[in-house]
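An overview of the molecular structure
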Amino acid sequence: MRLGVLDVGSNTVRLEIADADGAAPLPLHTVKYPLRLADDVTEDGHLPGDAVVRLVEAAAAAREEARRWGVCRLMAFATAIVRHAPNREQVLRTVRDEAGVDLKVMSGDREAELTFLAARRWMGWRAGSLVLIDIGGGSLEVAFGRTGLPDFAVSLPLGARHLTREHFGAADPPARDAVKALRRQVRHQLRDVAARIRWEEPHTAVATSRTFQQLARLCGAAPGRKGPFVPRLLERGRLGRQIGTLAELPAAERARLPGVSPARAGQILAGAVTAHAAMGLLGLEQLLICPWALREGVLLEHLEGGGPTVAGKPDGVPHEGRSDDSPARATAVRGEHAGDDAREYERAHR
């Protein structure tokens, strides 16, 4: 069985195609459409007509690419950039009618939950209780759990591109006071979440997303060409030292630094400040970088639970587990024995 996942984000639209005949999705082909939708949103968050046209073109191209690769099911979803758009229903309808793609909006708590699922599968049960942090373009997700699904998951409007736009505007590089204001906002909005995570005392801390991957590379982690199985760490001390350098450079010069792509050079400073502040609040001196994230989580839930459900509770409401009628509930993801094994491991390693 060949599956496809289409992910509409703030910076790019990505198509991931995988063979899904076994227990894990095996990636075959990835296509990236760099639309940079966040650059076009209006002050009140609307996606303007020209941006929607580009999105339709990318969705249609992805649908055709998936057909050529023999994909039997294409699962398409949008995250914060469409989720927060006042005209999102019109955007979804236009994509469906003109591109033939049934694009769903994924809520923030579901985004955190499925990313956690992917990280848990990659890290394995030996990771024990696990906290996950993911920084996207429009939102930041934090999740914690002892089993295959999180006990706690929340999404906050602390994405790297969103914060760049809000605090830095066109300033390149930004003023020092703007950087301080961004850090204060992150600390304020993460304060309650951080208190919960500190109380849980996670055994393992994991980060996903391109932002964290690029920050880890900037701080000395192995380059991507070494493959996904090379361990990669992001250390808070090293990240703190790099923030000073990033803050002094314009985006064009940041793009020359190791690991920083031109597409993310403008927002990497906001991502670095957010990551550093979050790690400090959560009491984490280092993060393990996980190559699996949201798209793999969608694929895994389809394999293990019969198909993804992109709906979720309203954003801003912390997610506390899953209901008994959830598709994933019937699988080994949260099976009774799997939960017992994880809790036993946790008690042994306290």
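Located above this text is the structure these notes cover.
Attention here is on the structure that accompanies the text. (Residues numbered from 1 in each chain as written. Predicted model: local features only at pLDDT ≥ 70, side-chain atom pairs only at ≥ 80, totals over all residues. Heavy atoms only, no water.)

**Points about the packing of helix H8 (residues 236-248) against helix H10 (residues 268-282)**
Formally: Axis geometry follows a simple rule: fit a line to the C-alpha atoms, using only the stretch in contact for helices, then measure angles between N-to-C directions, giving values from 0 to 180 degrees. Segments assigned H or I by DSSP are reported as helices when at least four residues long, segments assigned E as strands when at least two residues long, and all are numbered from the N terminus. By definition in this entry, angles of less than 35 degrees are roughly parallel, angles greater than 145 are roughly antiparallel, angles of 65 to 115 are roughly perpendicular, and the rest are oblique. Left-handed describes a crossing in which the near helix is turned anticlockwise from the far one by less than a right angle; the clockwise case is right-handed. The contact criterion used is simple: two residues touch if any of their non-hydrogen atoms lie within 4.5 Å. Note that Gly is not counted as nonpolar here; it falls among the polar residues with everything else outside the nonpolar set of Ala, Val, Leu, Ile, Met, Phe, Trp, Tyr, Cys and Pro and the charged set of Asp, Glu, Lys and Arg.
Interaxial distance between H8 and H10 falls to 10 Å at its minimum, and their mutual angle equals 150°. By the angle class used here, H8 and H10 are roughly antiparallel. In the packing of H8 onto H10, the handedness of the crossing is left-handed. On H10, the residues touching Arg236, Leu239, Gly240, Ile243, Leu246 and Ala247 of H8 are Ile268, Leu269, Ala272, Val273, Ala275, His276, Met279 and Gly280. Looking at the contact of H8 with H10 residue by residue, the classes come out as 10 nonpolar, three polar and one charged.

**Things to note about the sheet that holds strand E9 (residues 204-208)**
How we decide: At least two bridges found by DSSP between two strands is the condition for calling them paired.
In space, the six strands of this open sheet follow the order E8-E7-E6-E9-E11-E10, with mixed pairing throughout. Of all the strands in the sheet, the pair left with one neighbour each is strand E8 (152-156) and strand E10 (233-235). If you compare each strand with its neighbour and ignore which way they point, the axes differ by 25° on average. Sitting on the sheet, helix H4 (residues 108-123) touches strand E6 (130-135), strand E7 (140-145), E8, E9 and strand E11 (286-289), and the angle it makes with E7 is about 55°. Where H10 meets the sheet, its contacts fall on E6, E7, E10 and E11, and the angle it forms with E6 comes to roughly 160°.

**Description of the pattern of salt bridges**
Which entries qualify depends on this criterion: Think of a salt bridge as a Lys or Arg side-chain nitrogen and an Asp or Glu carboxyl oxygen that are within 4 Å of each other. Three labels apply to residues, based on accessible area from a 1.4 Å probe with only protein chains included: buried if under 20% of the type maximum, exposed if over 50%, partly exposed otherwise in between.
For the structure shown, the criterion picks out 20 salt bridges. Linking Arg36 and Asp39 is a salt bridge whose minimum nitrogen-to-oxygen distance equals 2.9 Å. Arg36 sits in the partly exposed class, given a relative accessible area of 28%. Judged by relative accessible area, Asp39 falls into the partly exposed class, the value being 39%. We note a salt bridge from Arg83 to Glu111, for which the minimum N-O separation is 3.1 Å.

**Some details on the layout of surface pockets**
Applied cut-off: Of the two site types, the cavity is a set of points on a 1 Å grid over the protein atoms alone where a 1.4 Å probe fits but cannot get out, and the pocket is an open set with protein on both sides within 12 Å along at least five of seven lines, each lined by residues with an atom within 4 Å of a point. Grid points are joined across faces, edges and corners, and a volume is the space filled by probe spheres set on the points.
Size it by volume and the largest pocket reaches roughly 1400 Å³. In terms of lining, the largest pocket is formed by 50 residues, of which the most central are Arg210, Gln213, Cys290, Pro291 and Arg295. Listing elements by their share of the lining of the largest pocket, those giving two or more residues are strand E2 (13-19), strand E3 (26-33), H4, E6, helix H7 (210-218), E11 and helix H11 (294-305). When the residues that make up the lining of the largest pocket are grouped by side-chain class, the tally is 20 nonpolar, 18 polar and 12 charged. Counted as a void, the second largest pocket has a volume near 450 Å³. Taken together, 23 residues make up the lining of the second largest pocket; nearest its centre are Val41, Gly45, His84, Gly138 and His162. Of all elements in the fold, only helix H2 (80-83), E8 and helix H5 (160-168) reach the threshold of two or more residues within the lining of the second largest pocket. With four residues, the top contributor of residues to the lining of the second largest pocket is H5. Residues of the lining of the second largest pocket, tallied by class, amount to seven nonpolar, nine polar and seven charged.

On their own, these measurements won't tell you what the molecule is for.
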